[in-house]
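# Examining the three-dimensional arrangement
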Amino acid sequence: MASEVVDATAAKPRGGRFCTVCNDRRPALKRPKTLEQICKECFYAVFEDEIHRVIVDNHLFKPGERIAIGASGGKDSTVLAYVLSELNIRHGYGLDLFLLSIDEGITGYRDDSLETVKRNEIQYGLPLKVVSYKELYGWTMDEIVKLIGLKNNCTFCGVFRRQALDRGAALLKVDKLVTGHNADDIAETVLLNILRGDIARLSRCTSITTGEDGPIPRCKPFKYTYEKEIVMYAYFKRLDYFSTECIYSPNAYRGFAREFIKDLERIRPRAILDIIKSGEDFRISTSTKMPEQGNCERCGYISSQKWCKACVLLEGLNRGLPKLGIGRTRGLNNESNKDMKETNGTKGLQSKQCGTLDF
Amino acid sequence: MFAGPLEYFHNPIEVYFCMIVKSEKKKIGKMACNSATCQSGCYGDEHSVDEDDQKRPPVQEDGVSAGGGNFNCDGLCIKCKVNETIAATHPAVSEGGGDRGRFCADCFRSNLFGKFRFAVTSNAMISSSDNVLVAFSGGPSSRVALQFVHEMQQKAQKNFEASRDRLLPVFGVGVAYIDESTIYPVSSHDYDGAINQMKLIVASLAPPAKQFFVVPTQSIYSHDSTDGKDRLTELFGAVSDITGKEDLQVHLRMLSLQKVALENGYTKVVMGTCTSQIACHVLEATVKGQGFSLAADIQYVDARWKIPVVLPLRDCLSEELNMCCILDSLKTVEAFQRPRSGINGLISSFVKLLQEENPSRESTIVRTAGKLTPFCFNRIPEVGDNNGCLATKRRQKKYNLKPSESLPPESYCLICNNPLKKPNGTSSNHFHDGRASSEIYASTCSSCQYQILPKDPTLLENFFLLLPQSMTTLAKDSRDNHKLLRDQIQDCLLSDSDDGA
């Protein structure tokens, strides 16, 4: 790793260092992924080109498709919206792009970030659809937190958001939903799944497209894009994004898996890509038990249980038993033997549970 | 099944708590011995593996622990219920985590030995005709491995002497220490002292007497040792990445072990690798992009080498092994222990942190990785029926041996001997020049390419020459494939001369 840097700098005479890509302009930054010193223009070019390659190589889109971009107003989704609309024009993908935002109903956080998304709607000329928890479920996150406190509130938010995104995408009649999950997020998920022993999720979490058998497939064009480069891109391009953390997920709650990834990246930037590569290469036999997909008897949403998780949680809220469906309970689905996911079991490890988007 | 306790609760939330206690208990009971295969019937301690304290109800009303009672109040071992726990008898011992307050020294020890013995028997690791080489670093893990192998051998010896027909021979045991002082020099005073200590340790484990080998790493070069020393130093000098250096050292250690085992007629190499080390390795391999080959490294048996390597302590935690050393006053030799560095160091401290936060984390990591599909060489190769005495075969309990469905991998990394996902897989680096260097690239895994091979293609060929011949020839013949085919037609072959191997 170190030698690459030395090579790059030693190639040019001292004092007059140039961008290692174009060899013409002064370098403005050290590229986080490779530590090459390059200029801004070349950075934009390689950054966008890599994403273009990922889209093309993985056949993420077909011409004429309607695509919803899960937009929270945060850096990942803002950069995604910007880059996708650029690439769509530049390479003639022929996509109809939409912004899809979820309004969780968190005063002082989501209302502000939605303002950002609304500005993006105008800046990038992409139609925006906002779906709110209140209209879908009858509850805002503010109300839920008022009832259950700050413990487990992220479980509600995560479960509800996942479904809300699908419902919003259905309303927009899109063919696919893209999310801004970046390489760091995916590497972190790989590690967390190893640490908590979840082999089924371990086998799935590195796929670039998920839910292909479901109504609306999701894909992650930023699968190989480093978080740091996304921040850098947003910074240099002066993109308008919202960077406040959710008021209900305290700052200190960033788990040490995230920290560990950052430490690894410092020693060896390519570790993030290597973790993803490992995740893709793991020899997991296809006979590994996958939960059977069915439909929720109540709302019709895909679910491996009798009721989908959102309905279980909602039932708890409406009946005044907010603990229903949280933790190691078999809740309303106790007839079936399948273990419900232990959402609470790995508290100390989990991070980005309240991230701006949801897996 | 919940009928009994349910009657006592009226509030559904309480019912749900009761269920939690039950399900956690079941889970913990398994974890107490860190192995799903443990049969020792050990009990769990509900204080050790609790991840969400906030949900824990008062414990006393659940019916499950009725038999055990509130076991720790009296400081008695939960297994034999006679002796005092280790915490009571050895107050100075601070290691061992939850086991301290649960078991007496005897039960703890027999539990640990049970895990070892179960791993050995269920994977057919050691048969009576074997000649076993224990890799001994001086650290607690390999010290316990050595001790346990010795005890097993002693028992076999007793049985042999007691049996009338004397059909079952006693397996032989040798001990090898790989001397890496050429790579990481130590002062000659420390060195001599440590080697002497090891000799004493091995000598104390008799009868039956065990041969002790001190094998310098440079022995992997077939030439005289001074030349080998220079080449080895030059080889390590050519690796710039500290993690790469450390990993190369591990690969060479295995080559040295293989060499000494092969030359001295040993049929198995026993490593003291424990759960904690495997947990670290799982994360290391993941972080280095070796997800494909990971499953090969973490099984009980690794027979991709000429002499199969076995890991009988795979289910033992390092803290248990440390504790065993303390309780049995097994001497360890610390002079050669080095802290790990680079990526490996970071991961070691990360895993340590995780383990402190949750005492079952290391086992969980190993269990997760254990669900990955192993390779066909991850079991003791079957010997033909005509050869090997039937008495041995009868005695082996081979429950873990499933016939392998998978074909052997087509090629192995030249350096780390890991199976390659795609033979001649296209590497991200493109070399315009000579064929030789691109060939070297094609026959290494991406991890070794990155952290061990020199970046500059012009240096690559020189680097290749510095590698021991055993490495470079290993890759040339796709030996396992060939051997496997040969084994199938073995009975029809007339002589050994025409196989060309």
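Conventions used here
- Residues numbered from 1 in each chain as written.
- Chains lettered and ligands numbered in written order.
- Predicted model: local features only at pLDDT ≥ 70, side-chain atom pairs only at ≥ 80, totals over all residues.
- Heavy atoms only, no water.
- Helix = DSSP H or I, 4+ residues; strand = E, 2+ residues; numbered from the N terminus.
- Buried < 20%, exposed > 50% of the residue type's maximum accessible area, 1.4 Å probe, protein only.
- Contact = heavy atoms within 4.5 Å.
- Areas by Shrake-Rupley, 256 points an atom, 1.4 Å probe, with all protein chains shown as cover.
- Axes fitted to C-alpha atoms, helices over the stretch in contact; angles between N-to-C directions.
- Parallel < 35°, antiparallel > 145°, perpendicular 65-115°, else oblique.
- Left-handed = near helix turned anticlockwise from the far one by under 90°.
- Nonpolar A, V, L, I, M, F, W, Y, C, P; charged D, E, K, R; others polar.
- Pairing = 2+ DSSP bridges.
- Phe/Tyr/Trp six-rings, centres within 6.5 Å; stacked < 30°, edge-to-face > 60°.
- Lys NZ or Arg CZ within 6 Å of the ring centre and 35° of its normal.
- UniProt positions renumbered as here; feature names shortened; annotations may be inferred.
- Salt bridge = Lys/Arg side-chain N within 4 Å of Asp/Glu carboxyl O.
- pLDDT = per-residue confidence, 0-100.

## Some remarks on the overall build of chain B
If you tally the helices and strands in chain B, you get 19 helices and 6 strands. A total of 501 residues make up chain B; the buried ones form 51% of that total. Long-range contacts, defined here as pairs at least 24 residues apart, represent 73% of the contacts in chain B between residues at least 6 apart. Counting only carbon and sulfur atoms, one obtains 54% of the accessible surface of chain B, whose full area is about 23,400 Å².

## Concerning the overall build of chain A
Per the secondary structure count, chain A includes 13 helices and 10 strands. Going through the 359 residues of chain A one by one, you find that 55% of them count as buried. A separation of at least 24 residues holds for 69% of the contacts in chain A among residues at least 6 apart in sequence.

## Things to note about the packing of helix α9 (residues 275–287) of chain B against helix α12 (residues 342–357) of chain B
All names here are of chain B. Between α9 and α12, the least distance of the axes is 9 Å, while the angle of their chain directions is 130°. When the interaxial angle is binned, α9 and α12 end up oblique. When you trace α9 past α12, the crossing you get is right-handed. Facing α9, whose interface residues are Ala279, Cys280, Leu283, Glu284 and Val287, α12 presents Ile343, Asn344, Ile347, Ser348, Phe350 and Val351. In terms of residue class, the contact of α9 with α12 is made up of 8 nonpolar, 2 polar and 1 charged.

## Considering the sheet that holds strand β5 (residues 301–302) of chain B
Residues and elements named next belong to chain B. Spatial strand order, β3-β2-β1-β4-β6-β5: 6 strands in an open sheet with mixed pairing. Unpaired on one side and paired on the other, β3 (211–216) and β5 mark the two borders of the sheet. Direction of pairing for β5 relative to strand β6 (residues 309–310): antiparallel, over a ladder of 2 bridges. Among the inter-strand pairings, Val301 is bridged to a residue of β6, identified as Val310.

## A word on the packing of aromatic side chains
Throughout the structure, instances matching the rule amount to 23 aromatic pairs over all chains. With centroids separated by 3.8 Å and ring planes inclined at 5°, the aromatic side chains of A:Phe260 and B:Phe350 adopt a geometry described as stacked. Of the two residues, A:Phe260 is situated in helix α11 (residues 256–267) and B:Phe350 in helix α12; the pairing between them involves two chains. The class for A:Phe260 is buried, based on a relative accessible area of 2%. The rings of A:Phe43, A:Tyr44, A:Phe47, A:Tyr82, A:Tyr124, A:Phe222 and A:Tyr233 are connected pair by pair, giving a single aromatic cluster. The ring of A:Trp307 has A:Arg298 sitting right over it, with the charged end atom 4.8 Å from the ring centre. One residue, B:Arg338, lies across the ring of B:Tyr184, its end atom 3.5 Å from the ring centre.

## Thoughts on the environment of B:Cys80
Residue and element names in this part refer to chain B. If you trace the backbone, Cys80 turns up in the loop between α2 (12–31) and α3 (86–89). Residue class for Cys80 comes out partly exposed when judged on its relative accessible area of 27%. Once the C-alpha coordinates of Cys80 and Cys107 are considered, the two residues, 27 residues apart in sequence, prove to be 7.1 Å apart. When near neighbours in sequence (up to four residues on either side) are disregarded, Cys80 contacts Cys104 and Cys107.

## A look at the sheet that holds strand β3 (residues 66–70) of chain A
All names here are of chain A. Spatially, 6 strands are ordered β5-β4-β3-β6-β8-β7 in an open sheet, and the strand pairing comes out mixed. Among the strands making up the open sheet, the edge pair consists of β5 (128–132) and β7 (209–210). Pairing of strand β4 (residues 96–103) with β5 involves 5 bridges; the strand directions are parallel. Note on β5: the bridge partner recorded for Ile102 is Val131.

## Some words on the UniProt feature "binding site: ATP" (unreviewed entry) in chain A
Residue and element names in this part refer to chain A. Feature annotation in UniProt assigns "binding site: ATP" (unreviewed entry) to the following positions: Gly70, Ala71, Ser72, Asp76, Ile102, Gly180 and Asp185. Mapped onto the elements, Asp76 comes out in helix α3 (residues 75–90). As for its placement among the helices and strands, Ile102 is situated in strand β4. For Ile102, a relative accessible area of 6% translates into the label buried.

## Points about the pattern of salt bridges
Residue and element names in this part refer to chain A. Scanning all chains against the criterion turns up 46 salt bridges over all chains. Between Glu86 and Arg90 there is a salt bridge, with the nearest N and O atoms lying 3.7 Å from each other. Within this pair, Glu86 and its partner Arg90 are both found in helix α3, separated by 4 residues, close to a single helical turn. Since its relative accessible area comes to 28%, Glu86 is described here as partly exposed. Residue classification places Arg90 among the partly exposed positions, given a relative accessible area of 45%. Bridged by salt links that share partners, the residues Lys75, Asp76, Asp184, Asp185, Glu188, Glu227, Arg258, Lys262 and Glu265 form one connected network.

## Considering the packing of helix α8 (residues 183–196) of chain A against helix α13 (residues 361–370) of chain B
Each packed pair of helices is defined by two parameters, the angle between the axes and the distance between the axes. One way to put it is that α8(A) packs onto α13(B) with a least axis distance of 6 Å and a crossing angle of 105°. Taken together, the axis directions place α8(A) and α13(B) in an arrangement best described as roughly perpendicular. Taking contact as the criterion, the partners of A:Asn193, A:Ile194, A:Leu195 and A:Arg196 in α8(A) are, on α13(B), B:Arg361, B:Thr364, B:Ile365 and B:Thr368. Residue composition of the contact of α8(A) with α13(B), by class: 3 nonpolar, 3 polar and 2 charged.

## What about the confidence of the model for chain B?
All names here are of chain B. Averaged over chain B, the pLDDT score is 76; the fraction of residues at 70 or greater is 69%. The model gives residues 1–71 a pLDDT under 50, and that stretch makes 97 contacts with residues more than four places away or in other chains. Low pLDDT, under 50, characterises residues 384–401; the stretch is placed with 25 contacts to residues that sit more than four places away or in other chains. Overall fold confidence for the complex sits at a pTM of 0.80, while the interface term, ipTM, reaches 0.83.

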